[in-house]
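As a plain string of letters, each chain reads:
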Amino acid sequence: MLTAKIKDGEVITLNAKAEKIALMDLRKKVKFTCPICSQEVILKMGSKRIPHFAHIRGDACTEQYDRESEYHMLAKLKLFEWLNQQGLSPVLEPYYPNIKQRADIAFKYNDELYCLEFQCSTISEELFRRRTEGYRKLSMHPIWLLAGKGINRKNSSLASLSSFHYLFANKNSSQQWYIPSYCPIINQFIFLKTIVPVSVRNSFLAIEMKPLERTSLLDLLNPDGNYKFRPEQWSKEIFKFKISLLTHKSTTYYPFLRELYRQSLNPQLLHPIVGVPLTNNIILESSPFIWQAYVYIDHLHHQSIGTPLYLHALVKTTWQRVNKGQIKLRNLPNIRELLLRELLYEYLIFLRKAGVLQKQKEHEFVIAKELKAASTMDEWKQQEKGLRKLLLMMTEE
Ligand SMILES: [Zn+2]
């Protein structure tokens, strides 16, 4: 901990400006107590570690707060100073007894209350959600910052993210998904931007590093950028996903494959409009190849030209598949509304651009083109080429 109480409830903060000699002097004169449990704490000052407070006796508080790493404390101090320099009068480690939560830093911006949570260790989705709800009960906006270590990059535009990483996902004002992260060692924010998952873990994204001193609070609250990856990279990953589907050792994908085979559909030859990148793909944990294949089975396969297709029908069948466990939703605690409808609408619009559908009214379409599954791999490659051309056109829009 970096804060403790001295007499009369006055709180002392070990921020970057606190001088060691003054602190040593103070240590001789006063007794420090924990702002949360009021037990005595001691001021620890070594030559290597950041000065901090620790409980004397082991209790519940110790479990929760004393195990903070050096990395975490360093991040807090630097972020605190960063907010301070922007004139936001931040408070370090404020404790809120009503919700029994202690934030890393709190501050006010544009008459709104914010708190910053820098998360180093993996916590459960449930705890993440509970803390988020707690702050919201106090009308605070929590900003979750992922510790900038342990992001597993596969190449410049693809990274493997865990379900813990996805908890930090948020949307910017241009409706693009991002994850904010910070590393106190290199003193930079690391923004994962325009996140479009291709499978449960792998996501297309752009990584932007931004030094703390060149980043404003607004950059953190609403990171800009609308990165576009190359369609052939996407196609390659979808292709890989299909291979993994067929060679996967576990039985996870059996029900999905069984359903395709029952419809005499070969996953390798399925029309390439199944498995396309969409802005809101992130809201489903299931790969776009899987959920779009279900949409294909439910609404496009063997449908003749002129057959109507309504958004609400699509929403209904997708929910049925979610309830059966065939399609999995992703846990995104930062986002309050469920965006399944938006995602499905985005897919319909995509299908319209691909000439598969024609728009009648706002949420009403008709089938404009019969989709034929390819009968050979060569034929499929031709279809795929056409789709890539469309994706390229869309990225240039
Ligand atoms: Zn305590």
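Above this text you will find the structure in question.
Below, the structure is looked at part by part. Keep in mind that what you see is a predicted model, and the values were worked out from it rather than measured.

With that out of the way, let us pick up the packing of aromatic side chains. One pass over the full model with this rule turns up 21 aromatic pairs. Between Phe-107 and Tyr-114, the ring centres sit 5.4 Å apart and the planes meet at 5°, which makes this aromatic pair stacked. Accessibility assignment for this pair places Phe-107 and Tyr-114 in one class, buried. When the ring of Phe-128 is compared with that of Phe-168, the centres are 5.2 Å apart and the planes differ by 80°; the resulting orientation is edge-to-face. Of this pair, Phe-128 sits in helix α4 (residues 125-137) while Phe-168 sits in the loop between α5 (163-166) and β14 (170-171), placing them 40 residues apart in sequence.

What follows is about α4. Look at α4: 18 Å from first C-alpha to last across 13 residues, which is about the 18 Å you get at 1.5 Å a residue. Listed as buried for α4 are Phe-128, Thr-132, Gly-134, Tyr-135 and Arg-136. Looking at the buried residues of α4, the elements they touch are β7 (95-96), β8 (101-102), β10 (112-119) and β11 (140-147). Residue Ser-139 follows α4 closely and has a positive phi angle near 55°.

Every α-helix carries 3.6 residues per turn, so stepping three or four residues along brings you back to the same face. Burial analysis of helix α9 (residues 288-300) places twelve of its 13 residues in the buried class, which makes it a mostly covered element. Where α9 is concerned, the buried positions are Pro-288, Phe-289, Ile-290, Trp-291, Gln-292, Ala-293, Tyr-294, Val-295, Tyr-296, Ile-297, His-299 and Leu-300. Looking one or two residues past α9, His-302 carries a phi angle of roughly 60°, positive in sign.

Below, the discussion takes up the nonpolar core. In this structure, Leu-79, Ile-273 and Leu-300 are the most contacted members of the largest nonpolar core, which totals 115 residues. Among residues more than four places away in sequence, those in contact with Leu-300 are Ile-273, Val-295, Leu-309, Leu-351, Val-356, Leu-357, Ile-367 and Leu-371.

Our focus in this paragraph is the side chain of Lys-193. Take Lys-193: it is sitting in strand β16 (residues 188-197). Among the residues examined, Lys-193 registers a relative accessible area of 9% and is labelled buried. Within polar-contact distance, the side chain of Lys-193 engages the side chain of Glu-208 at 2.4 Å. Side-chain polar atoms of Lys-193 contact the backbone oxygen of Asp-224, separated by 2.8 Å. Each residue touching Lys-193, except ones within four places of it in the same chain, is listed here: Trp-177, Tyr-178, Leu-205, Ala-206, Glu-208, Pro-223 and Asp-224.

To continue, consider the pairing of strand β20 (residues 364-367). On β20, burial covers both faces: Glu-364 and Val-366 on one face and Phe-365 and Ile-367 on the other are all buried. One ladder, built from three bridges, connects strand β18 (residues 308-310) with β20; its direction is antiparallel. When the sheet's bridge partners are listed, Pro-308 is paired in β20 with Val-366. Summarising the sheet, strand β19 (residues 357-361) and β20 pair through four bridges and their orientation is antiparallel. Looking at the pairing, Lys-361 lines up with Glu-364 of β20.

Another point: the environment of Asn-202. Considering the arrangement of structural elements, one finds Asn-202 in strand β17 (residues 202-211). Judged by its relative accessible area of 13%, Asn-202 is buried. When the C-alpha atoms of Asn-202 and Lys-154 are compared, they prove to be 8.8 Å apart, with 48 residues separating the residues in sequence. Not counting chain neighbours up to four residues away, the residues in contact with Asn-202 comprise Lys-154, Leu-158, Ala-159, Ser-160, Tyr-166, Pro-197 and Glu-237.

It is worth spelling out the side chain of Glu-364 at this point. Along the chain, Glu-364 turns up in strand β20. Here Glu-364 falls in the buried class, since its relative accessible area comes to 19%. Ignoring anything within four residues of it in the chain, the contact list for Glu-364 reads Leu-309, Tyr-310, Gln-358 and Lys-359.

One pass over the full model with this rule turns up 17 salt bridges. Among the salt bridges present, the one from Lys-76 reaches Asp-104, with a minimum N-O distance of 3.8 Å. You can see Lys-76 sitting in helix α3 (residues 70-85) and its partner Asp-104 sitting in the loop between β8 and β9 (105-109), a full 28 residues away along the chain. Each member of the pair, Lys-76 together with Asp-104, is buried.

Hydrogen bonds between backbone groups are what pair the strands of a sheet, and the pairing can be parallel or antiparallel. The three strands lie next to each other as β18-β20-β19, forming an open sheet whose pairing is antiparallel. Here the strands that pair on one side only, and so sit at the sheet edges, are β18 and β19. The mean inter-strand angle of the sheet, taken between neighbouring strand axes irrespective of direction, is 35°.

Let's shift gears to the environment of Pro-184. Within the secondary structure layout, Pro-184 lies in the loop between β15 (177-183) and β16. Residue class for Pro-184 comes out buried when judged on its relative accessible area of 0%. In this view, Pro-184 contacts Tyr-71, Leu-74, Ala-75, Lys-78 and Phe-118; residues no more than four positions away in its chain are not counted.

A cluster of nonpolar residues, Ile-185, Ile-186 and Met-209, forms a patch on the protein surface that exposes about 300 Å² of accessible area. Looking at the element boundaries, Ile-186 is found in the loop between β15 and β16. For Ile-186, a relative accessible area of 41% translates into the label partly exposed.

Each value, and the rule that gives it
Residues numbered from 1 in each chain as written. Predicted model: local features only at pLDDT ≥ 70, side-chain atom pairs only at ≥ 80, totals over all residues. Heavy atoms only, no water. Phe/Tyr/Trp six-rings, centres within 6.5 Å; stacked < 30°, edge-to-face > 60°. Buried < 20%, exposed > 50% of the residue type's maximum accessible area, 1.4 Å probe, protein only. Helix = DSSP H or I, 4+ residues; strand = E, 2+ residues; numbered from the N terminus. Expected span 1.5 Å × (residues − 1). Contact = heavy atoms within 4.5 Å. Core = buried A, V, L, I, M, F, W, Y, C linked by side-chain atoms within 4.5 Å. Polar contact = N/O pair within 3.5 Å; in protein donor to acceptor, adjacent residues only side chain to side chain. Pairing = 2+ DSSP bridges. Salt bridge = Lys/Arg side-chain N within 4 Å of Asp/Glu carboxyl O. Axes fitted to C-alpha atoms, helices over the stretch in contact; angles between N-to-C directions. Patch = residues over 30% accessible without salt bridge, like charges linked within 9 Å, V, L, I, M, F, W, Y side chains within 5 Å. Areas by Shrake-Rupley, 256 points an atom, 1.4 Å probe, with all protein chains shown as cover.

Just geometry here; none of it tells us what the structure is for.
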